[in-house]
Each structure stands twice: as structure tokens, then as C-alpha cells.
Amino acid sequence: MMKQDCKVIRKNRRHIFYLIFSLMTVKGLAAVPAAEGQTRSITLDEAICLARTQSVDAAVALNELKTAYWKYRTFRADLLPEMNLSAVVPSYNKKYSSYQQEDGTYTYLRNNFLGMNGGFSIDQNIWFTGGKLSLTTSLDYVKQLDGEKSNRFMSVPVALTLDQPIFSVNHIKWKRRIEPVRYAEAKAAFLSATEEVTMTTINNFFNLLLAKEKVNIARQNLDNAEKLYEVAKAKRRMGQISENDVLQLEQNMLEARSVLTDNESTMKSQMFTLRSFLALDKEVQLDPVLPETLAEVRLNYEDVLSKAKANNTLMKNLRRRKLEADYEVAKAKGNRRQINLFAQIGLTGTAKNFHGAYNPLKDNQVVEVGFRIPLLDWGKRKGQVKVAQSNREVTLSRLRLEEMNFEQNIFILVEHFNNQQEQLRLANAADRIAQRRYHTNVETFMIGKISTLDLNDSQTRKDEARQKHISELFYYWFYYYQVRSLTLWDFIENTDIDADFEKIVKG
């Protein structure tokens with residue numbers, strides 16, 4: 001009797017084992033089912049490309065570049081000759097004007113005349129002196145409408161004028177120093193902003209990827225939990241496991257359903273965020289593809305720092321702010337006294353007819369030197385110079401601190417990236433091991449060799465290892481593009497990150 005019972009039990013065990021084995025055949029990660037609308041697989045490279053061309057952040061960076069470009073073009077135009085045409089056609093006056101007589105008394109005279117005038121000038125700023133040189137020609141006409149009703153013409157066929165401040169600050173010269181640095185800073189800022197758009201894309205992409213993997217994990221765990229629960233009920237009926245184990249597996253199944261619901265909601269939220277950032281249609285369902293790692297790259301701190309100092313927008317910003325601080329000191333010193341030279345030489349003529357106004361011509365010369373020197377200002381201007389000098393020292397101290405912090409951040413970032421490559425390798429290995437361990441434990445549990453606690457532990461480790469692998473992959477890509485953003489250098493191609501700014505602005 002005992003031998004027969006043992007044979008029946010062994011036969012039932014084999015039958016149950018094959019049933020469980022067929023139900024619990026290990027599946028790959030399930031694909032996320034498509035919701036309403038088109039499902040689109042998207043790689044990290046595709047997301048980055050879309051973000052750089054379609055995202056709002058990219059548009060903001062482009063508009064800031066355009067603003068800086070046209071400001072620089074305006075500055076460059078100030079250094080070139082400027083042609084101006086001015087005219088008053090006509091000017092009619094019919095009014096009383098005061099007039100002082102020979103005895104010193106005033107009376108009013110009736111005026112009634114028609115006037116016209118026009119002039120053409122070529123003006124050139126002189127950057128090395130700060131003055132302005134003008135070549136002008138003009139013609140004035142007056143027609144008396146009362147009395148003799150005569151015509152008068154006055155011509156200035158040619159006049160050369162110099163307006164030159166002496167001892168004051170040369171604003172044009174300082175602008176020639178500052179504005180090119182400001183524009184270089186704006187170009188570097190645009191490239192850095194483009195890389196920052198990439199980092200935001202990476203963050204949103206991996207958030208969706210991780211959410212998708214959590215849904216896949218939760219779906220697989222729920223599928224396994226349901227099958228394990230059915231198996232447990234069958235084994236309980238045979239008396240092979242306790243009621244507590246069955247209840248534990250039922251509780252695991254309910255928790256798996258709850259986790260799946262939460263993860264699906266999170267995935268929808270992350271998909272909305274990425275889709276909005278990439279300016280894609282709201283009906284498109286994105287299916288992110290797990291990216292590969294880069295080729296082996298080992299960064300050297302000194303090399304990275306050198307490229308960052310040469311290309312980074314912060315370095316250009318520090319240089320510009322130093323120049324601006326020096327400019328403020330120069331302006332304060334120049335305001336202590338003001339001396340201006342005005343000189344004009346040329347020819348002029350006047351007559352009752354047009355031709356007579358140009359023949360004969362007479363000299364037209366003006367020389368003026370004006371100055372304004374404060375005799376007593378109670379130290380106001382000296383104080384302004386001291387304030388500007390103190391502000392410059394404060395600025396220089398801040399610049400030194402910012403540069404030190406920048407170098408420190410570069411060092412930390414290089415260490416993080418170099419270390420991240422090893423962390424990613426370890427996380428990848430741990431993920432594979434945890435997957436194998438879980439599948440092995442599922443098969444072992446089915447033949448009753450391990451408890452539900454051991455199975456739950458291996459499932460938790462499997463899920464954590466998978467999520468950590470994706471997290472480490474995220475940091476790998478994020479650190480790499482952060483280095484690119486700070487150095488504007490592609491360490492894979494070993495070339496600088498540049499762009500045709502004229503084409504970008506005008507395109």
C-alpha cells in the first residue's frame with residue numbers, strides 16, 4: 001500500500017512539474033502594448049535630433065543668438081562710414097519776431113518767407129581717438145514773400161568737420177574690446193544651450209525608458225504571480241505547501257496588479273513630457289529604444305580643462321566682465337574733466353540765384369576748443385573713481401572664485417564620467433546575473449526546493465538590477481553630454497563643436 005501511494009505521488013509530482021514548467025517558461029520582456037494612435041519607436045539619437053530642431057528650448061537659444069548677432073552687427077556698423085541725407089522742404093513762416101533796434105529797445109517785425117534746405121554728409125567714427133570726422137555739403141534757400149520779395153541762396157559745397165573729445169574716455173575703443181568678446185560669449189552660449197537641450201532630452205528619454213521598463217517588469221511579475229498563485233493552489237490541494245504560502249502568493253499577485261497600474265500611469269506621464277518637449281503630435285505613442293554605450297573614452301582632466309577654458313561661455317563671460325569693470329574705471333577717470341575740440345574747414349557762398357551761390361566761393365572755417373573742469377566738487381568725481389576701482393576689485397575677486405569653482409566642477413565631472421564607465425559595466429553584469437538567478441529560482445520554487453520569501457527576494461533583486469542598469473546608462477550619457485556642454489568638444493570624434501552661425505541666424 002505504501003509503495004503504491006508513493007508511485008501515485010511521484011506520478012502526480014511529475015505531472016504537476018510538467019504543467020508548471022509549461023506555464024512558467026521564461027519570457028522576454030514584454031513589449032508595451034500600443035495605446036490609441038500611432039506607435040513610434042524612437043532612439044536616443046532621434047530624440048536628440050528632434051529636440052535640437054523642434055523644442056521650445058532650442059527656439060529660445062536660437063532667438064538669443066539672433067539678438068546677440070544683430071547687436072554685434074550694429075556695433076560693427078558703427079565703425080563704418082555712415083551716409084546721411086537731411087532736408088526741410090518746405091518751411092513756411094508768417095509771424096512776428098522780436099528785433100533789437102540801435103537804441104537798445106525791442107520791437108516786433110513781421111516775417112513772411114518760404115525756406116528750404118538740404119544736406120548730405122558722410123560721417124566716420126575714429127575708433128583710435130574716439131572722435132568723429134564728417135564730410136558735408138548743404139544748400140539753403142529763402143524766398144521773401146513780403147517787401148522786396150527776393151530770393152537768397154547759401155551754399156556750403158564742401159566742409160570737413162572734426163569733433164574730438166580730449167582726455168575723456170574713448171568709448172569706441174572700449175567697445176572694440178568688449179563687443180567681440182560679448183558676441184563670442186553668445187556663440188558659445190548657443191552651443192552650450194544646444195548641448196543642454198540634449199541633456200534635457202536625455203533626462204526625459206531615460207525617464208520614459210525607465211517607466212517603460214518598470215511597466216514591462218510589473219507586467220511580467222504580474223503574469224508570473226498569477227501563474228505561481230495557480231500553481232500554489234494546486235500544490236496546496238496536494239498538501240505540499242502551507243496555507244500561509246498560498247496567501248502570501250495571492251498577496252503578491254494583488255500587489256503586482258497595483259504596481260502595474262501605478263507604473264502605467266507614470267509611463268503615460270513621462271511619455272507626455274517627452275512628447276511635449278519634442279513638439280510631437282499628442283496622439284503619437286513613443287516606444288523608446290534602449291541605447292548602446294559609447295566607445296571606450298577615457299578623459300584627462302588637464303585636457304578637458306584646457307578645452308573648457310578655450311571654448312566655454314563662462315570663460316568668455318569672465319573676460320567680458322573684467323573688461324567692463326576696467327571700462328567703468330576709465331569712464332569715471334574721464335569724467336573728472338571734459339575738453340572738446342571742434343574744427344571745420346570748407347567753402348561757402350551766397351547769392352540771389354542758384355549759380356551765384358557757388359561762384360564765387362569764400363572760406364568757411366570754424367575752430368572751437370571748449371572745456372569744463374570742476375574747481376570745487378567736494379570730492380564727488382574722485383569718489384566716483386574710487387567706487388569704480390572698488391567695484392572692479394570686487395568683480396575680480398568674484399571672477400577668481402568662479403574660475404576656481406569651474407575648475408573644481410570640471411575635475412569632479414571628469415572623475416564621475418571615468419568612474420561611470422566602470423559602474424555601467426558592473427550594473428550590466430549584475431542585471432544579467434539577477435535575471436538568471438530569478439529564472440532559476442522560479443524553476444526551483446516549482447519543484448518545492450525554495451520558499452516564497454527566497455523567490456520574492458530574487459524578484460526584487462532582479463527588478464532593482466534592471467532599473468539600476470538603466471539608471472547607470474542614463475548617468476553615462478548625461479555625464480558625457482555635460483562634458484561636451486562645458487568644453488564644446490566632441491571627445492568621440494576628437495574635434496570641436498562648431499556651427500555656421502551666419503547660416504543659422506539667417507536660415
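Values in this document were obtained by computation on a predicted structure and should not be read as measured data.

Caption draft 1: Examining the overall build of the chain more closely. A count of helices and strands for the chain gives ten helices and ten strands. Computed over the C-alpha atoms, the radius of gyration of the chain is 41 Å, more than 25% above the 23 Å expected from 2.2 N^0.38 for a compact globule of 507 residues. When its C-alpha atoms are laid out on the principal axes, the chain stretches across 155 × 50 × 45 Å. A buried classification covers 37% of the 507 residues belonging to the chain. Counting every atom, the chain has about 30200 Å² of accessible surface; 53% of that belongs to carbon and sulfur. Averaging the locations of the 72 positively and 61 negatively charged side chains of the chain gives two centres separated by 2 Å.

Caption draft 2: Structural detail: the pairing of strand β4 (residues 131–144). Looking at chain direction, strand β3 (residues 106–126) and β4 are connected through 14 bridges and run antiparallel. Directly across from S121, in β4, lies its bridge partner T136. Of the strand pairs in this sheet, β4 and strand β5 (residues 151–166) are connected by eleven bridges, and their pairing is antiparallel. Among the inter-strand pairings, V142 is bridged to a residue of β5, identified as R152.

Caption draft 3: Seen up close, the nonpolar core. Formed by 68 residues in total, the largest nonpolar core has its most connected members in F206, L278 and W477. Only α2 (44–54), α4 (171–237), α5 (243–277), α6 (301–311), α7 (313–334), α8 (380–446) and α9 (452–487) provide two or more residues apiece to this core. Residue contributions to this core peak at 15 residues, all from α4. Y69, F75, I497 and F501 belong to the second-largest nonpolar core, a separate cluster that totals 18 residues.

Caption draft 4: A look at a positive patch on the surface. A cluster of like positive charges, contributed by K333, R336, R337, K382 and K386, occupies part of the molecular surface. The residue R336 is located in the loop between α7 and β7 (338–351) in this model. Residue class for R336 comes out partly exposed when judged on its relative accessible area of 40%.

Reading the values: rules and limits
Think of each chain on its own: its residues are numbered from 1, step by step along the sequence as written. Only residues with pLDDT of 70 or above have their local features reported here, since the model is predicted, and side-chain atom pairs are shown and tallied only from 80 upward, although totals for entire chains, interfaces and linings are computed over all residues. In computing side-chain values, all of the structure's heavy atoms are included and hydrogens and water are not. Helix and strand labels come from DSSP, where a helix needs a run of H or I of at least four residues and a strand needs a run of E of at least two; each type is numbered from the N terminus. Radius of gyration here is computed from C-alpha atoms only, and the compact-globule reference equals 2.2 Å multiplied by the residue count raised to the power 0.38. Think of it in three bands: with a 1.4 Å probe and only protein chains considered, a residue is buried below 20% of the maximum accessible area for its type, exposed above 50%, and partly exposed in between. Here the accessible surface of atoms and residues is derived via Shrake-Rupley with a 1.4 Å probe, and residues count as covered only by protein chains that are part of the display. Working convention for charge: Lys and Arg count positive, Asp and Glu count negative, and His plus the chain ends are omitted. Charge positions are represented by NZ for Lys, CZ for Arg, CG for Asp and CD for Glu. In this scheme, strands are said to pair when DSSP sees at least two bridges between them. Residues enter a nonpolar core if they are buried and are Ala, Val, Leu, Ile, Met, Phe, Trp, Tyr or Cys, with the set joined through side-chain atoms within 4.5 Å. Patches here: salt-bridge-free residues with over 30% relative accessible area, like charges joined within 9 Å, nonpolar side chains (Val, Leu, Ile, Met, Phe, Trp, Tyr) joined within 5 Å. Any Lys or Arg side-chain nitrogen found within 4 Å of a carboxyl oxygen on Asp or Glu counts as a salt bridge.

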